[in-house]
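Residues per chain, in single letters:
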Amino acid sequence: MFRFLKRLKEQWWLVALIVILTCAQVCFDFMLPSLMGDIIKEINVKSGQTIVMQNIFTTSIYMLVIALSSGLCAIAISILASKVTSRMMARVRYELYSKISSFSAHEMNGFSTSSLITRTTNDITNISNTYVLFFRFILYGPLLAVGAFVFLAIKNSQWQFMVSIAGAVLILGLAIFAIVRICVPKFDIIQTKIDKVNLVTKENLEGLRVVRAYNAESYQKNKFSNINDSLTKDDKLANRVLGAFFPVIQLVIGLLMITITLISSKLIEKGTIPYDQMTVVIQFATLLLTGFVLMVLLVVYIPRASTCAKRINEVLDSPILVKDNAKSDRYNEVGTVEFKDVSFTYPGGDAPSLDKISFKVNKGETLAFIGATGAGKTTLLNLILRFYDTSKGTVLVDGLDVKKFNSHDLFNKFGYVPQKPYLFHAKLKENVCLGKPDATREDLMEALDISQSTEFVSKLTNGIDYEISQGGKNVSGGQRQRLSIARAIVMKPEIFIFDDSFSALDYKTDKVLRGEIKKRCKGTTNIIVAQRVGTIMDADQIIVLDNGKMVGKGTHKELLKKCAVYKEIALSQLSKEELE
Ligand SMILES: Nc1ncnc2c1ncn2[C@@H]1O[C@H](COP(=O)(O)OP(=O)(O)OP(=O)(O)O)[C@@H](O)[C@H]1O
Ligand SMILES: [Mg+2]
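Since the model is a prediction, treat every value here as computed from it, not as a measurement. (Residues numbered from 1 in each chain as written. Chains lettered and ligands numbered in written order. Predicted model: local features only at pLDDT ≥ 70, side-chain atom pairs only at ≥ 80, totals over all residues. Heavy atoms only, no water.)

### Notes on the coordination of the magnesium ion (ligand 2)
Stage number 1. For the magnesium ion (ligand 2), the full set of protein donor atoms is Thr378 (OG1) and Gln419 (OE1), at a range of 1.9 to 2.3 Å. Of this pair, Thr378 sits in helix α10 (residues 377-384) while Gln419 sits in the loop between β6 (414-417) and β7 (426-427), and the two are 41 residues apart along the sequence.
Stage number 2. For Gln419, a relative accessible area of 41% corresponds to the partly exposed category. (Donors = N, O, S within 2.8 Å, 3.2 Å for Na, K, Ca; no water. Helix = DSSP H or I, 4+ residues; strand = E, 2+ residues; numbered from the N terminus. Buried < 20%, exposed > 50% of the residue type's maximum accessible area, 1.4 Å probe, protein only.)

### Re the site of ligand 1
Stage number 1. The full set close to ligand 1 counts 14 residues, and Thr373, Lys377, Thr378, Thr379 and Gln419 are the nearest of them.
Stage number 2. Contacts to ligand 1 include Thr373, whose side-chain N or O atom sits 2.8 Å from an oxygen atom.
Stage number 3. Ranked by residues supplied to the shell around ligand 1, first place goes to α10 with three residues.
Stage number 4. Tallied by class, residues from the shell around ligand 1 come to four nonpolar, nine polar and one charged. (Near = heavy atom within 4 Å. Polar contact = N/O pair within 3.5 Å; in protein donor to acceptor, adjacent residues only side chain to side chain. Nonpolar A, V, L, I, M, F, W, Y, C, P; charged D, E, K, R; others polar.)

### Let's talk about the environment of Phe177
Stage number 1. Within the secondary structure layout, Phe177 lies in helix α6 (residues 159-206).
Stage number 2. The sequence separation of Phe177 and Val299 amounts to 122 residues, and the corresponding C-alpha distance is 9.6 Å.

### Topic: the environment of Leu5
Stage number 1. As for its position among the elements, Leu5 is in the segment before α1 (12-43).
Stage number 2. Non-local contacts of Leu5, meaning those with residues more than four positions away in its chain, are made with Met88, Tyr131, Phe134 and Phe135. (Contact = heavy atoms within 4.5 Å.)

### Some words on the packing of helix α2 (residues 53-101) against helix α9 (residues 276-317)
A packed helix pair is summarised by two numbers, namely the angle formed by the two axes and the spacing between the axes.
Stage number 1. The interhelical angle for the contact between α2 and α9, taken along N-to-C directions, is 45 degrees, at an axis separation of 9 Å. In terms of axis orientation, α2 runs oblique to α9. Two packed elements cross with a definite hand, and for α2 against α9 that hand is left-handed. In contact with Val92, Glu95, Leu96, Lys99 and Ile100 of α2, α9 contributes Ile312, Val315, Leu316 and Asp317.
Stage number 2. Looking at the contact of α2 with α9 residue by residue, the class counts come to six nonpolar, no polar and three charged. (Axes fitted to C-alpha atoms, helices over the stretch in contact; angles between N-to-C directions. Parallel < 35°, antiparallel > 145°, perpendicular 65-115°, else oblique. Left-handed = near helix turned anticlockwise from the far one by under 90°.)

### Quick word on the pattern of salt bridges
Stage number 1. Under the defined criterion, the tally for this structure stands at 27 salt bridges.
Stage number 2. The residue Lys459 makes a salt bridge to Glu455 at a minimum N-O spacing of 3.2 Å. Taken together, the positions of Lys459 and Glu455, both in helix α14 (residues 454-459) and four residues apart, correspond to about one turn of that helix.
Stage number 3. Under the relative-accessibility criterion, Lys459 is labelled exposed at 64%.
Stage number 4. According to the relative accessible area criterion, Glu455 is exposed, its value standing at 57%.
Stage number 5. Linked through salt bridges whose partners overlap, the residues forming this network are Arg7, Glu10, Arg91 and Glu95. (Salt bridge = Lys/Arg side-chain N within 4 Å of Asp/Glu carboxyl O.)

### So, the nonpolar core
Considering soluble globular proteins, one finds that nonpolar side chains tend to be buried as a cluster.
Stage number 1. Within the largest apolar cluster, 83 residues are counted, with the highest numbers of intra-cluster contacts made by Phe4, Met89, Ile127, Tyr131, Phe135, Leu256 and Ile312.
Stage number 2. For this core, the secondary structure elements donating two or more residues are α1, α2, α4 (113-137), α5 (140-155), α6, α8 (217-270) and α9.
Stage number 3. What Phe135 contacts, discounting residues up to four positions off in sequence, is Leu5, Leu8, Ile18, Ile77, Ala81, Val84, Thr85 and Met88. (Core = buried A, V, L, I, M, F, W, Y, C linked by side-chain atoms within 4.5 Å.)

### Points about the packing of aromatic side chains
Stage number 1. Tallied over the entire structure, the rule returns 21 aromatic pairs.
Stage number 2. Summarising the aromatic geometry, the rings of Phe344 and Tyr346 are spaced 5.0 Å apart at their centres and angled 80 degrees between planes, so their arrangement reads as edge-to-face.
Stage number 3. A residue is classified by how much of its surface remains accessible, and Tyr346, at 28% relative accessible area, is partly exposed.
Stage number 4. Pairing Phe498 with Phe502 gives two aromatic rings, centres 5.1 Å apart and planes at 50 degrees, and the pair type is tilted. For the residue pair Phe498 and Phe502, the accessibility class agrees, reading buried in each case.
Stage number 5. Each residue in the set Phe2, Tyr131, Phe134 and Phe135 is aromatic and connected to the rest through ring pairs, giving one cluster.
Stage number 6. For Arg136, the ring lying beneath its charged end belongs to Tyr140, and the centroid distance is 5.6 Å.
Stage number 7. Across the ring face of Tyr507, the terminal group of Arg532 is positioned such that the distance to the ring centre comes to 4.4 Å. (Phe/Tyr/Trp six-rings, centres within 6.5 Å; stacked < 30°, edge-to-face > 60°. Lys NZ or Arg CZ within 6 Å of the ring centre and 35° of its normal.)

### Comments concerning helix α16 (residues 507-520)
Stage number 1. Its 14 residues place the ends of α16 20 Å apart at the C-alpha level, agreeing with the 20 Å of an ideal helix rising 1.5 Å per residue.
Stage number 2. Taken together, the buried positions of α16 are occupied by Thr509, Asp510, Leu513, Arg514, Glu516 and Ile517. Here the buried residues of α16 occupy an arc of 160 degrees about the axis, which is enough to place them on one side. Of the exposed residues in α16, those oriented more than 90 degrees away from the buried face are Tyr507, Lys508, Lys511, Lys518 and Lys519.
Stage number 3. On its buried side, α16 packs onto α13 (441-450), α15 (477-490), β9 (495-499), β10 (525-529) and α17 (533-536). (Expected span 1.5 Å × (residues − 1). Arc of directions from axis to C-beta.)

### Concerning a nonpolar patch on the surface
Stage number 1. A contiguous nonpolar surface patch, about 480 Å² in accessible area, is contributed by Trp12, Trp13, Leu17 and Ile20.
Stage number 2. Tracing the chain through its elements places Trp12 in helix α1.
Stage number 3. Trp12 gets classed as exposed once you look at its relative accessible area, which sits at 59%. (Patch = residues over 30% accessible without salt bridge, like charges linked within 9 Å, V, L, I, M, F, W, Y side chains within 5 Å. Areas by Shrake-Rupley, 256 points an atom, 1.4 Å probe, with all protein chains shown as cover.)

### Overview of unusual backbone geometry
Stage number 1. Backbone geometry places Lys492, a non-glycine residue, at a positive phi of 45 degrees.
Stage number 2. Inspection of the secondary structure puts Lys492 in the loop between α15 and β9.
Stage number 3. Its relative accessible area of 49% is what places Lys492 among the partly exposed residues.

### A few points about the pairing of strand β4 (residues 392-397)
Stage number 1. As paired elements, strand β1 (residues 337-344) and β4 share five bridges and run antiparallel to each other. Bridge assignment links Phe339 to a residue of β4, and that residue is Val395.
Stage number 2. With two bridges connecting them, β4 and strand β5 (residues 400-401) associate as antiparallel partners. Residue pairing in the sheet places Leu396 in a bridge with Asp401 of β5.
Stage number 3. Taking the residues between adjacent antiparallel strands as the criterion, β4 and β5 are bridged by two residues, where Asp398 takes a positive phi near 50 degrees. (Pairing = 2+ DSSP bridges.)

This is the structure:
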């Protein structure tokens, strides 16, 4: 948790100000008991002498000014502590966000989305709350406790007082030990369970329609209740133990006051100490215990924040498997993609999802992949975009190994339409120009035209300014598909990658759209994954995948003759006449 303090460099002067104000506050606090003693001394004049009200009044005013100064210091420290903490944690949040953004699919799978959300929100808030207390009390607590102890030892060295204060400190020490032993292991468990609550909630919200349609509410409710009850049990225990601590403090302070009063009355009776000394001892003992309790407060809060910090550091320190390069190496081809004997197994998987795949597609050509579901088509595209690194073999784009590209340069070459198109909560035009924010209105309109979106966009309220909701839920599946195709077209890339991107379109639109792309995006290489033979039969090269293996390569006509798997797929979709 203390690693975060490194981010304080630019705010060192604010931290220095907190230190100075804390020292000032402690000094003010230590002035009050002696002044109080003076007033008591004044009131308790020997018989025959008169009370000098003027002295009491002046001392009271003096005390008031000191108490106000101490209060002002406390307020200023609180404001500064919140400011320093907020800035520091905003930086951590940003670093966390940047790190997560650089994650490859492998790291995303390792952490789970819901856990990453908990870490970025709940964990950061826990640490933030603790750091405010930390800056406020890390110096104030010890200074108050040690200073009060020194004052008591020097000024009021009666051993009876010291023994009773030591007894109180010991009882509080034992209470802290018990808390740390019981609560700290629970904090780890609680944070993990919050992850799970988030996971179930997220799943339930995303799959709301499925849950309703299958009357699975009670199944989902049970799932949620189980994890929620389990979290509540642990949370309750930790809160009860923490909650019990404050009454213990009050009890110990109360008992200490009674003990000091009893001891003092005996000592005053014997004439060992003057009358006013009892008040001074009680006040210093209270300061000592307050300092001690504030230190304890940190001891109680820091373990919870440390658990959260550990989870955040796990993300910040996690090695990135797919390492980026500052600059791309030189390359001398344009619009080509080549696989050289590529095999790939998903991390943790035992069977390869792709096995010894080799092919090359040149500029302006169309390469299509077809195969049963789970054959490895999306996996293959993921390797071109370097979402994963190959297990064996090399993937080359424009003649250069993708591992030698800077990711920005690499992605700029592609107009990628994923199998599950995703639209963001933003205007329609912002969604389409995501990869090219400086695209002109003509570019945008042309992309909408090629992707056959113009008609439906013109019917939307506000047209290209239409506000798309998160995930693109307020447009139809086919419209989402077309807008994500438009997003790729706006890029004017060297290479298009369409992962089953025409499946949600009706046959006619599919045909017109592909025709338009061919006509108006001349020179662009097309890599198409499709389930429909009709979509790919005019491709320059078709590769048939089966269980991660390449079982056929050639044109539609060649494959019909030599590839049984292709012929089977084709015959299941088209009549003999259509095939010819
Ligand atoms: N993230 C992953 N982790 C582990 N295995 C995976 C992962 N993604 C896919 N697989 C496995 O890899 C194989 C190929 O999956 P892939 O998504 O490439 O198939 P596909 O040909 O695109 O199928 P579809 O036509 O259904 O989209 C499948 O057996 C699948 O279970
Ligand atoms: Mg797929």
